[in-house]
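Each chain is listed here by its residues.
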Amino acid sequence: MCLSDFCKRSIERNPIEGKAAIDYLKKSRQNWVVQIATDALRLRNCADVEAISQVHHTIVIDELENTNYLLRIFTRISQDVNAALEQRSNYNQRIALKAVADNLNVQLENFNRSNNKYASFFLPFARRWLNIINRYLEELAIKVEQNKEIDNPYIIGVPLTLEQAIFVGRDDIGLRIEKLLLDRRRPPLLLYGQRRMGKTSLLNNIGKLLPNSIIPMFVDLQGPLTSASDYTGLLYNLARGMTTSAKQQSALTLPSLTREILADDPFTKFDEWLDEVEQTLEQNTVLLMLDEFESLDAAINKGRFDEEDVLGMLRHLIQHRPRFKMLLAGSHTIEEYQRWASYLINVQVVHISYLKEEEARKLIAEPVKDFTLRYEPDAVERVLQLTHCHPFLVQLLCGEITVLKNEQDPSVRRLATLADVEAAIPEALQSGGFFFADIQNNQVDANGGDILRFIAAQGEGAIVSKQILSQQFPDMWETTIQLLLQRELIEEVAEGYRFQVELIRRWFNKPS
Ligand SMILES: Nc1ncnc2c1ncn2[C@@H]1O[C@H](COP(=O)(O)OP(=O)(O)OP(=O)(O)O)[C@@H](O)[C@H]1O
Ligand SMILES: [Mg+2]
């Protein structure tokens, strides 16, 4: 049965007539048609982006009807609009909404070509949504210009993806990785760096830094992969991560591998799948990057997987598949994870640390093309001093400076001064609280916290001598200092120690 023409026309025309049509259908007891008509009316009634962003809560998708496919598209668009409106800055809101509009454009094509009999019925609503979103994008652009508002491009807390223009530098690390990949002994690599130093961002962007003959495949070991309940789930998620990444980074389609195939004999089937993958590679090699390797260790510790099964499989892959190179990433050294050391022989460590000064300067002064905030020279120097070129902290502080500038009078809005940088510090300590608390709670022990607070209390740039530390903390200072050095929180200078990063010192000097 087709949705009655009467109802269809009414809904397309206006909400009141549409409601009358639904009442008419109700009387004729055509329940599922009533449902479609009600959903359609909801889509039709969305008059602005806010309404679009909320409508996914009310769309009913039942399993029976073949309108589901179409309704799912609307639901997804509504959720994406919702996520876009939650972006803090107009800049990121516009980027996210532009992506939704592009997606909706593709969907319009699909609707046009679809042989789903309801597609043409839903097509006008999709067009209507696209118009609303495009209009809103234009309004945003005008608003930004009128207010001299600065587009805030900074991204805090999530790794940078391939599409984000705000990724800077790391060419030296790219070169080092490239060189190590040529090593005939095929050593596994460990990308080691402190929390939030940019490991995942680098791996997401590594394709830009390596030659095309190396196909990067990024897999996050945290999440579904290591929380899988058996080897089928583990290997399925590994293959899925590799497939998605190959598609995104190199437009390469890998052979499919289903759970059903794996379930039979997971490790053998996975190995056979790798044979098939190798055949699609032509002359290229794969860089298999496993991020957050500590998660897999934790899963082994919990007894979810057997050490020999899983790490043995990785060792086998390294030793017997020359077309695959392996890179692990994490914030611990292999020495801290002894069991890995015995499987991954001859690991080469690639250290990722602070940005180079010129990279950090770029992130401050020209994070994206046409950035409209200018800095006075001493303000730039102060950001460099406070952050020590830590990528996360530069983004955090500059993000707060931009927010603060946008609250000021338009006449002074587009020039950041030293006073602005100082004023943004408390905000940065507050909004980056999760980063600083992680240092205290997860990276150092109680003794480490005590020593850090003691050094922090001596003031900016203060060096605390070994003698003073041994008097203050007679029992434990030497071992604890080793831990703090290893975590790159302090550095050794002229017979003493000081904080590497002023912002971190500030946080440890805050009254608790
Ligand atoms: N190359 C870069 N250019 C600009 N900003 C960067 C860069 N690398 C990292 N950042 C900033 O640092 C933040 C943290 O990066 P990322 O999540 O990649 O670090 P990570 O080392 O993987 O952290 P974790 O240890 O928590 O997994 C990003 O959200 C971004 O703001
Ligand atoms: Mg990461």
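Residues numbered from 1 in each chain as written. Chains lettered and ligands numbered in written order. Predicted model: local features only at pLDDT ≥ 70, side-chain atom pairs only at ≥ 80, totals over all residues. Heavy atoms only, no water.

The name an unreviewed UniProt entry assigns to the protein chain is ATP-binding protein, from the organism Dendronalium phyllosphericum CENA369.

### Some remarks on the overall build of the protein chain
Filter applied, for reference: We count a stretch as a helix when DSSP gives it H or I for four or more residues in a row; a strand needs E for two or more, and each element gets its number in order from the N terminus. Whether two residues touch is decided by their heavy atoms; if any such pair falls within 4.5 Å, the residues are in contact. For accessible areas, the Shrake-Rupley method is used with a probe of radius 1.4 Å. Any residue's cover is judged against the shown protein chains and nothing else.
Of regular secondary structure, the protein chain possesses 25 helices and 10 strands. Seen through its C-alpha atoms, the protein chain measures out along the principal axes to roughly 90 × 65 × 40 Å. Here the contacts in the protein chain between residues at least 6 apart in sequence split such that 75% fall between residues at least 24 apart. Looking at the protein chain as shown, the accessible area adds up to about 24,500 Å², and 49% of this sits on carbon and sulfur atoms.

### Some words on the nonpolar core
Heads up, the rule is: As used in this record, nonpolar core signifies buried Ala, Val, Leu, Ile, Met, Phe, Trp, Tyr and Cys residues forming a set joined through side-chain atoms within 4.5 Å. Under the scheme applied here, a residue whose accessible area is under 20% of the maximum for its type counts as buried, over 50% as exposed, and between as partly exposed, the area being computed with a 1.4 Å probe on protein chains only.
Grouped together as the largest cluster of nonpolar side chains are 80 residues, with contacts concentrated most on Ile-177, Tyr-375 and Ile-504. Among the elements that take part in this core, helix 19 (residues 391-407) stands out by supplying seven residues, more than any other. If we skip the residues at most four places from it in the chain, Ile-504 touches Leu-393, Phe-435, Phe-436, Ile-439, Leu-489 and Phe-499. Counting 46 residues, the second largest nonpolar core, distinct from the first, contains Leu-281, Val-286, Leu-311 and Leu-344.

### Describing the domain arrangement of the protein chain
Cut-off, in case you're wondering: Here the limits of each domain have been adopted from an automatic or database domain assignment.
Domain boundaries in the protein chain define domain 1 (46-146), domain 2 (171-351), domain 3 (360-431) and domain 4 (434-508). Summarising the inter-unit geometry, the C-alpha centres of domain 1 and domain 2 are found 36 Å apart.

### Quick word on the UniProt feature "domain: ORC1/DEAH AAA+ ATPase" (unreviewed entry) in the protein chain
Counted only if it meets this: UniProt positions are given in the numbering used here, feature names are shortened, and annotations may be inferred rather than shown by experiment.
Per the UniProt record, "domain: ORC1/DEAH AAA+ ATPase" (unreviewed entry) is annotated on residues 185-336. Secondary structure across residues 185-336 comprises 49% helix and 16% strand; the distance between its end C-alpha atoms is 24 Å.

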